[in-house]
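# Fold and geometry: a report
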Amino acid sequence: MEDMYLKFLAEKCRSESKNNAMPFEETLQPSAILSESDTSICIQEVHSEKASDVAHFEAFEEKSLSLQNIEIFQNETDATFTHMSNNVFPQSENDGNSTFISEVDDSENVKRRNSHEGYNMLATKFPDKNITKISGTKYVKYKTSAFNSSFNEFWVEVVPETVNVAEGRVPKECMKFLFAFSNATSDFIDCAVTNARPLHYCQKCAEKYVKVQEIYKLIFKDVSEGGMKGCKELILRADNIQVVLMTYDFVTSIWSKSTCDNCFNVSYKNHTKVYNVTKEAKLLLKKINNTMDCFRDFASGIFPSNQTSDSNSTVCTMCINLYCDANDLYDQIERDKLLCSDLIDSMNYTRLDWGKKYNCTIAVIDKGEVWIITAIVCFLPIMFYVGAWLCKTKCLCHSQVVETES
Amino acid sequence: MSHRQWKCIQIQRWLICVLIGITTGLVAVIINISIIQLTELKMKIVTQAIEKCVKSACLYQPLLIWITINAGLVMIAALLTVFVAPVAAGSGIPQIKCFLNGVKVPNVVRLKTFFTKVVGIIASVSGGLAVGKEGPMIHAGAVLAAGISQGRSITFKLTFPLFEYFRNDREKRDFVCAGAAAGVAAAFGAPVGGVLFSLEEASSFWNQALTWRIFLCSILSSYSLNFFMSLYHHHGGDLAYPGLINFGKFEGTYEGFELPIFFFMGVIGGLLGALFNAINHKITIFRNKYVTIRFLKVVEVIIVSVVSATIAFMMMFLSAQCNPLGQDINVDLQFLCEDGQYNTMASLFFTPPEDSVKSLFHDPLGSFQPLTIIIFVLPYFFVACWTYGLQVPSGLFIPALLIGAAWGRLIGICMNAICPDCLWSQDVAKYALIGAAAQLGGTVRMTISLTVILIEATGNISYSLPLMTVLMIAKWVGDFFNQGIYDKHVHLAKVPILEWEPPPLSINIHAREVMGTPAVTVREVCLVKDICRVLSDPHNCHSGYPVTNEEGKFRGFVLRSQLLILLKHKVFMERSGPDDRLELAVFRDSYPRYFPLSIVNVSEDEQRCHIDIRPYLNPAPYTISERASLPRIFRLFRALGLRHLVVVNDNFEVVGIVTRKDIWKWGHHGKS
């Protein structure tokens, strides 16, 4: 069955590539058969409508035809093919003009690509004729900069009605999830990287992290609007790369490696997590900021440092209370195991400034007594062994004397 | 014995092995957790004192606190060892080796030895001596095995009607083999290494069925340890938790051209190991000669612990290297460093010694400066030398690994300095590991078991080639200078242990020249008086006697213990009927502690009675012709675990008897 159909498709590809040198049309520009040396490749492709829009659209590829689809389309004409796709995705009315044509490579908005490079492809070798069939669908996704908190609003904005999402096997409901997840993660990563130095992403990006978690949870629960099931399978486990899972793991690993959760009180409101910065973290950050302000003020000479000749000593004496305050609080939070990387990093740099830059660390070394103890201790074994040796030889002498006497 | 009983005994063997495995694992858990907790507690106290005193000029206080705690802990170990069970001193591996070789080492598998060993090792490791817990764990496993397989404890006067069949030396030795394997498995997380350890040290009485049982035993031991340690580390039930790998997981790789560097390190390891052994040998001789009073032995241990603590403190005090907090997750002692930094030397002393080894292996490239390592390794080498052989339970593996890992890391840093941008020189862990292996191999001179132990403890099979070659080179280089440290201590104790091979150039030596003569014999039917005379003669306190008939022909062999039991139960021909025989169980029951002759009361009347030994003697003992060569005798002893061999002439008359000591003397002093 399958083989028969594939043969049929291949034949069709060939005949059409010969006969059907279809000119480029402005609107939907469907797929192609490229003849590359001895291999025929069929590519099914959906394009956007306007050339000017292409710049604002981001290519989004999705595996489309699987062998199951091929079986469905067996012995069908192009018309039924369109009909079928409309049946599967009834909402997208104006797509589906897919036909098999040879690729036309002379327009600016249909960029000819090497089929190995841009498409996520399904390839089946034809055992007898040495033909590879590849199908790939190109999706487009509107790039939004603003993230709307409401999931549905987001969807409306992201996918314009005109965009063809029906090709391939992922229904619109599932695509909603995918787009939402994509935006949430990219927002979070954007936030984390821009706040990486100085390290503040725990405080700044908590909201975005929660968003990623929520959308992932929605996907994972596998309930979309209208009670439709199966999105989880399609999104998370559809291919061998599993980009969504990888991305999710990456985001959570950033968060957990930085132990960010330690700095927040997590509460639930309407089944969503709400992150509130803990009292301690707020207080410590405030204290660290005060200390740093103190350092900066003295270093930049805002406060007159002419009371003493050495400006550093002024920093040390003036800021010591602030610094010790912050240091003590930090130690206490550390004991309670409530540190997150924001706090650790801020404190580390404060301490480095204190020690390295201003040389304020006090370490009173008392060499005298320590050295005396060491000397005594070093003397002990010598005394012991000499004593043992002396005792033994003396005892031996003594016993020898006793023996000779007796 | 019926077929069914035989089956039952086979099943009991397996059951005992299961029990040995699990209990050894449990004991290892107790030792591990106690050491971790005690060290943590001690270091917490010292750290608090240091933190207080760095700012108020009283650094002598933490030093004194540290010295006091260490001395106190170590004193417990020393007192126990000196006054309760002196055989528990040292690593225990030489003793177990002797036991498995067929030598009867007094007290080595007694319960009090076990107790001393376990408590002592916990105290001495957490007391900061330069010792490890591995050797004592092996000893502890062996004692457990000996105890469990006998189904009773003589100390507590507890006798269960279980496992009676195994109450003899041969069976016990098999189980001790299993126990030692379980001990290795628990100490290093190396079940296969454990089996091979038993094979290497006890290969004389090896058989294949035993191998499989021992493997079960060591697997159980290692995994029961892992199970409980995973609970302790809050990864309950996760048996593959990487924190359970003994030396941490090694993931790096190596290039072919690095092998010559590794070989060179093997040579260094052999040289340093030989130096270690030589120094330790001299110290031990001095100790045996001059430090003989028990009280002085305890004092010596305390002095060593005080010096160790002071050296450690001074190293941290003088070490100038500070690193930003977080490079070593275990340690955050600031000491004299700036705020936000920790003293790198503290990561070697403020943790249990195993964690120090892990730090040297796995901490990133910049975390130890070369100077810090040199300051650390030089004093530590001599302190470790000085410590081994003290009257406390003390393992040798961890000190050797620490020394080796330190200089190995130093070589790694040199390599990195030579080629700072090369990919292969970024990973110092492999150099530290190879250095550790070379040092250990050069010191203890074990071969296959050590290789496999290291492979398993690092969780990386791809290092097997460098590890094996390095250990081989280290052994060869070391053997060029002196013996391995365990053999040295066995010899210093004058134990008649038999090597793998017969003494060289002994093919022309015959039994006539080796044997002890004349042999003390008893008659098949003889007077009680004669037996008493033979047994009480202080010059022949042998453990067995050849039995002859009236014509002087050799009829069999009877053990001293058997004669004693016969006397005690008064199995005299005149007093009992012809069918009254002692049961085999009676002989088994008094194993392994026999009473002296003095408690047997034999009246004047009884002296004139006769004893018929024929029902009890061994009618077919191993014998050898007086013309047999020494290598042949040696192989009989080595392969069968014999203790004595009767030499007969052509007329089947007893001409002499060869004992273990006769052969041993020939091997070591025979040429004179």
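Fair warning: this is a prediction, and the values are worked out from it, not measured in the lab.

## Digging into the nonpolar core
Residue and element names in this part refer to chain B.
- Ranked by internal contacts, the top residues of the largest apolar core, which has 172 residues, are W66, F313, F349, F350 and F376.
- Here the element with the most residues in this core is helix α10 (residues 294–318); it accounts for 15 residues.
- When residues of this core are assigned to domains, at least three fall in each of domain 1 (15–244) and domain 2 (282–289 + 317–492).
- Not counting chain neighbours up to four residues away, the residues in contact with F376 comprise M315, M345, L348, F349, L360, L402 and A406.

## Overview of the UniProt feature "transmembrane region" (unreviewed entry) in chain A
- Those places that UniProt annotates as "transmembrane region" (unreviewed entry) correspond, in this numbering, to residues 370–391 of chain A.
- Secondary structure over residues 370–391 of chain A splits into 100% helix and 0% strand, and the C-alpha atoms at its two ends are 31 Å apart.

## Let's talk about the domain arrangement of chain B
All names here are of chain B.
- On domain assignment, one finds that chain B holds domain 1 (15–244), domain 2 (282–289 + 317–492) and domain 3 (511–671).
- Measuring from the centre of the C-alpha atoms in domain 1 to the corresponding centre in domain 3 gives 38 Å.
- Tallying the contact residues gives 19 residues for domain 1 and 12 residues for domain 3.
- For the pairing of domain 1 and domain 3, the buried interface totals around 1500 Å² over both sides, and the portion due to carbon and sulfur atoms is 36%.
- Our count for the domain 1 to domain 3 interface comes out at zero salt bridges.
- Residues of the side of domain 1 that touches domain 3, tallied by class, amount to four nonpolar, seven polar and eight charged.

## Observations regarding the packing of aromatic side chains
- Summed over the entire model, instances satisfying the criterion amount to 34 aromatic pairs over all chains.
- Aromatic pair A:Y385 and B:F286: ring centres 5.6 Å apart, planes at 70°, arrangement edge-to-face. Residue A:Y385 is found in helix α14 (residues 367–405), and its partner B:F286 is found in helix α9 (residues 259–290); the two belong to separate chains.
- Lying over the aromatic face of A:F220, A:K232 brings its terminal NZ or CZ to 4.2 Å of the ring centre.

## Things to note about the UniProt feature "domain: CBS" (unreviewed entry) in chain B
- Taken from the UniProt record, the annotation "domain: CBS" (unreviewed entry) applies to residues 515–575 and 617–672 of chain B.
- Secondary structure over residues 515–575 of chain B splits into 30% helix and 26% strand, and the C-alpha atoms at its two ends are 38 Å apart.

## Considerations on the pairing of strand β7 (residues 544–548) of chain B
All names here are of chain B.
- A large share of β7 lies buried, amounting to five of its five residues.
- Side chains G544, P546 and T548 project from β7 onto one buried face, and the interleaved Y545 and V547 project onto a second face that is buried too.
- Bridge count for strand β5 (residues 522–523) against β7 is two bridges, and the pairing is parallel. Residue pairing for β7: V522 is matched across the bridge by V547.
- Two elements, β7 and strand β8 (residues 554–559), share five bridges in a ladder whose sense is antiparallel. The partner of T548 across the bridge, within β8, is F554.

## Section: the sheet that holds strand β11 (residues 644–648) of chain B
All names here are of chain B.
- A sheet is described by the order of its strands in space; here three strands give the open sequence β10-β11-β12, paired in mixed fashion. Unpaired on one side and paired on the other, β10 (623–625) and β12 (654–659) mark the two borders of the sheet. Shown here is a sheet whose adjacent strand axes are inclined to one another by a mean of 35°, direction ignored.
- Note: β11 against β12, five bridges, orientation antiparallel. Directly across from V648, in β12, lies its bridge partner V654.
- Along the sheet face, helix α24 (residues 630–640) touches β10, β11 and β12 and points at about 145° away from the line of β11.

## Considerations on the interface of chain B and chain A
- In this complex, chain B contributes 36 residues to the contact, which on the side of chain A involves 29 residues.
- Carbon and sulfur atoms make up 72% of the surface buried where chain B meets chain A, a total of about 2700 Å² over both sides.
- It is B:Y290, B:E338 and B:D339 in chain B that bury the most area against chain A; as a group they hold 21% of the surface buried on that side.
- Where chain B touches chain A, the interface holds zero salt bridges.
- At the level of elements, α1 (3–56), α2 (60–83), α9 and α10 of chain B are the ones that each hand at least two residues to the side of chain B that touches chain A.
- It is α10(B) that contributes the most residues to the side of chain B that touches chain A, 11 residues altogether.
- In the side of chain B that touches chain A, the residues fall into 24 nonpolar, five polar and seven charged.

## A word on a nonpolar patch on the surface
Residues and elements named next belong to chain B.
- Residues I22, L26, Y223, F227, F228, L231 and L239 make up a contiguous nonpolar surface patch of about 560 Å² in total accessible area.
- When residues of the nonpolar patch are traced back to their parent elements, those giving at least two are α1 and α8 (208–232).
- The greatest single-element share of the nonpolar patch, amounting to four residues, is contributed by α8.
- Looking at the secondary structure, you find L231 in helix α8.

## Some points on the sheet that holds β7(B)
All names here are of chain B.
- With mixed pairing, three strands are arranged side by side in an open sheet as β5-β7-β8. Since the sheet does not close on itself, it has two edges, and those belong to β5 and β8, each with one partner.
- Where helix α21 (residues 560–568) meets the sheet, it contacts β7 and β8, and its direction lies at approximately 75° from that of β8.

## Quick notes on the pairing of strand β8 (residues 264–269) of chain A
Residue and element names in this part refer to chain A.
- Pairing of β8 with strand β9 (residues 272–277), which is carried by six bridges, proceeds in the antiparallel orientation. Bridge pairing links N265 to N276 in β9.
- Two successive antiparallel strands, β8 and β9, enclose a turn made up of two residues, where N270 displays a positive phi of approximately 50°.

## Remarks on the pattern of salt bridges
Residues and elements named next belong to chain B.
- Overall, the coordinates contain 18 salt bridges over all chains when judged by the stated rule.
- Note that R287 is salt-bridged to E300, the shortest N-O span being 2.8 Å. Here E300 lies in helix α10 and R287 lies in helix α9, a separation of 13 residues in the sequence. Residue R287 shares its accessibility class with E300, and that shared class is buried.
- Residue K475 is joined to D479 by a salt bridge in which the shortest nitrogen-to-oxygen separation is 3.3 Å. Here D479 and K475 lie together in helix α17 (residues 464–481), a separation of four residues that amounts to about one turn.
- Assessed through its relative accessible area of 22%, K475 is described here as partly exposed.

## Description of the confidence of the model for chain B
All names here are of chain B.
- When pLDDT is averaged along chain B, the result is 86; 97% of the residues meet or exceed 70.
- The least confident element of chain B, judged by mean pLDDT, is strand β2 (residues 158–159) at 72; the most confident is α17 at 94.
- In the predicted assembly, ipTM is 0.80 and pTM is 0.74.

Rules and cut-offs
- Residues numbered from 1 in each chain as written.
- Chains lettered and ligands numbered in written order.
- Predicted model: local features only at pLDDT ≥ 70, side-chain atom pairs only at ≥ 80, totals over all residues.
- Heavy atoms only, no water.
- Core = buried A, V, L, I, M, F, W, Y, C linked by side-chain atoms within 4.5 Å.
- Buried < 20%, exposed > 50% of the residue type's maximum accessible area, 1.4 Å probe, protein only.
- Helix = DSSP H or I, 4+ residues; strand = E, 2+ residues; numbered from the N terminus.
- Domains from an automatic or database assignment.
- Contact = heavy atoms within 4.5 Å.
- UniProt positions renumbered as here; feature names shortened; annotations may be inferred.
- Buried area = accessible area lost by both parts, 1.4 Å probe.
- Salt bridge = Lys/Arg side-chain N within 4 Å of Asp/Glu carboxyl O.
- Nonpolar A, V, L, I, M, F, W, Y, C, P; charged D, E, K, R; others polar.
- Phe/Tyr/Trp six-rings, centres within 6.5 Å; stacked < 30°, edge-to-face > 60°.
- Lys NZ or Arg CZ within 6 Å of the ring centre and 35° of its normal.
- Pairing = 2+ DSSP bridges.
- Axes fitted to C-alpha atoms, helices over the stretch in contact; angles between N-to-C directions.
- Patch = residues over 30% accessible without salt bridge, like charges linked within 9 Å, V, L, I, M, F, W, Y side chains within 5 Å.
- Areas by Shrake-Rupley, 256 points an atom, 1.4 Å probe, with all protein chains shown as cover.
- pLDDT = per-residue confidence, 0-100.

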